[in-house]
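# Summary of structural features
Here's the letter readout for the chains.
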Amino acid sequence: MPEQPLHSNHQPRWLTPAERETWQQLGMMLHRLPAALGAQLQQDADLSYIEYYVLAGLSDQPEHRMRMSDLAVLANSEQSRLSHMISRLERRGFVRREPDPTNGRYTQAILTDAGHAHLVEAAPGHVARVRDLVFDVLDSAELDNLRTAAKKISERIDHWEQRK
């Protein structure tokens, strides 16, 4: 696919009506899906969507630990915002921070046993809501198309990010 320059002296390639509707539906979904998932998590597990995502990310790591800088990338969060969230999770006993044993200039967030237990308790309800809102309304061909489209869009974003 040829790249379109960010700025051009050419006429803009305006969206077709079908593209505009797709873009609007995608935007609405990207806005509403995290809110709907977050509402379920807040009600059932007293966690925000991003808190759950951070705990789940830590649970997937060896020894349930990750550098704060890497966790900020995973959570798509600024370091200071992530630090405040980790502080809230620390107060609840779900995570702790320690200096990185391989390089003391870094700090690691570590999922505690209590945090892991809370995540394990929260996961079935979260997965049920994800299944209800996403997977149960799409057939296998639609899921394949969604996965392919999401991957292509993510790769395109990565491409533009690498050019910075």
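Please refer to the structure placed before this passage.
First things first, this report covers the structure right here in the doc. Just so you know, these numbers come straight off a predicted model, no measurement behind them. Numbers given for residues are sequential positions, taken from 1 along each chain in its written order. Given that this is a predicted model, residues contribute local features only at a pLDDT of at least 70 and side-chain atom pairs are listed and counted only at 80 or more, while totals for whole chains, interfaces and linings are drawn from all residues. With hydrogens and water set aside, each side-chain value is computed from the structure's full complement of heavy atoms.

### Some points on the overall build of the protein chain
In terms of regular secondary structure, the protein chain is built from 6 helices and 3 strands. Start at the N end of the protein chain and walk to the C end: the helices and strands fall as α-α-β-α-α-β-β-α-α. With respect to the principal axes defined by its C-alpha atoms, the protein chain has extents near 55 × 40 × 25 Å. For every residue, the accessible area obtained with a 1.4 Å probe (protein chains only) is divided by the maximum for its type, and the residue is called buried under 20%, exposed over 50%, and partly exposed between those limits. By residue count, 24% of the 164 residues in the protein chain fall in the buried class. Within the protein chain, contacts between residues separated by at least 24 positions form 55% of all contacts whose residues are at least 6 apart in sequence. Computed with the Shrake-Rupley method and a 1.4 Å probe, the accessible areas treat only the protein chains shown as cover for residues. Accessible area of the protein chain: about 12000 Å², with a carbon and sulfur share of 53%. Taking the 20 positively charged and 23 negatively charged side chains of the protein chain as two groups, their mean positions are separated by 5 Å. For helices the rule is a DSSP run of H or I covering at least 4 residues; for strands it is a run of E covering at least 2, with both sets numbered from the N terminus onward. What makes two residues a contact is simply this: any of their non-hydrogen atoms within 4.5 Å. Positive charges are assigned to Lys and Arg, negative charges to Asp and Glu, while His and the chain termini are left out of the count. Here the site of a charge means NZ on Lys, CZ on Arg, CG on Asp, or CD on Glu.

### What about the environment of Met29?
Summarising the element assignment, Met29 is placed in helix 1 (residues 17-45). Given the relative accessible area of 40%, Met29 is considered partly exposed. Once the C-alpha coordinates of Met29 and Tyr49 are considered, the two residues, 20 residues apart in sequence, prove to be 15 Å apart.

### Regarding helix 5 (residues 113-133)
Between its terminal C-alpha atoms helix 5 stretches 30 Å, which fits the 30 Å expected from 21 residues at 1.5 Å a residue. The sharpest bend along helix 5 comes to roughly 35°, located at Ala123, with the proline Pro124 sitting one to four residues further on. The set of residues buried in helix 5 consists of Gly115, His118, Leu119, Ala122 and His126. Where helix 5 is buried, its residues touch helix 1, helix 2 (49-59) and strand 3 (107-111). Here the expected span of a helix is defined as 1.5 Å times the quantity of residues minus one. The reported bend at a residue is simply the angle between two axes, fitted to the 7 residues ending at it and to the 7 residues beginning with it.

### A short note on the packing of helix 2 against helix 5
Here an angle of 0 to 180 degrees is reported between the N-to-C directions of two axes, which are lines fitted to C-alpha atoms, with helices fitted over the stretch in contact. Contact geometry for helix 2 and helix 5: axes closest at 10 Å, N-to-C directions at 115°. As helix 2 packs across helix 5, the resulting crossing turns out to be left-handed. In contact with Tyr49, Tyr52, Leu55, Ala56 and Ser59 of helix 2, helix 5 contributes His116, Leu119, Ala122, Ala123 and His126. Should the near helix be turned anticlockwise from the far one by less than a right angle, the crossing is termed left-handed; should it be turned clockwise, right-handed.

### Focus: the side chain of Ser77
Its place among the elements puts Ser77 in the loop between helix 3 (68-74) and helix 4 (79-91). Discounting chain neighbours no more than four positions away, the residues touching Ser77 are Ala72 and Leu82.

### Quick word on the nonpolar core
Nine residue types can take part in a nonpolar core, namely buried Ala, Val, Leu, Ile, Met, Phe, Trp, Tyr and Cys, and a core is a set of them joined through side-chain atoms within 4.5 Å. Val54, Ile86 and Leu89 are the most contacted members of the largest nonpolar core, which has 23 residues in total. If you list the elements that add at least two residues to this core, you get helix 1, helix 2, helix 3, helix 4, strand 3 and helix 5. With residues up to four places along the chain from it excluded, the contact list for Ile86 reads Val54, Met68, Leu71, Val95, Arg97 and Ala109.

What is shown is where atoms sit, not what they do.
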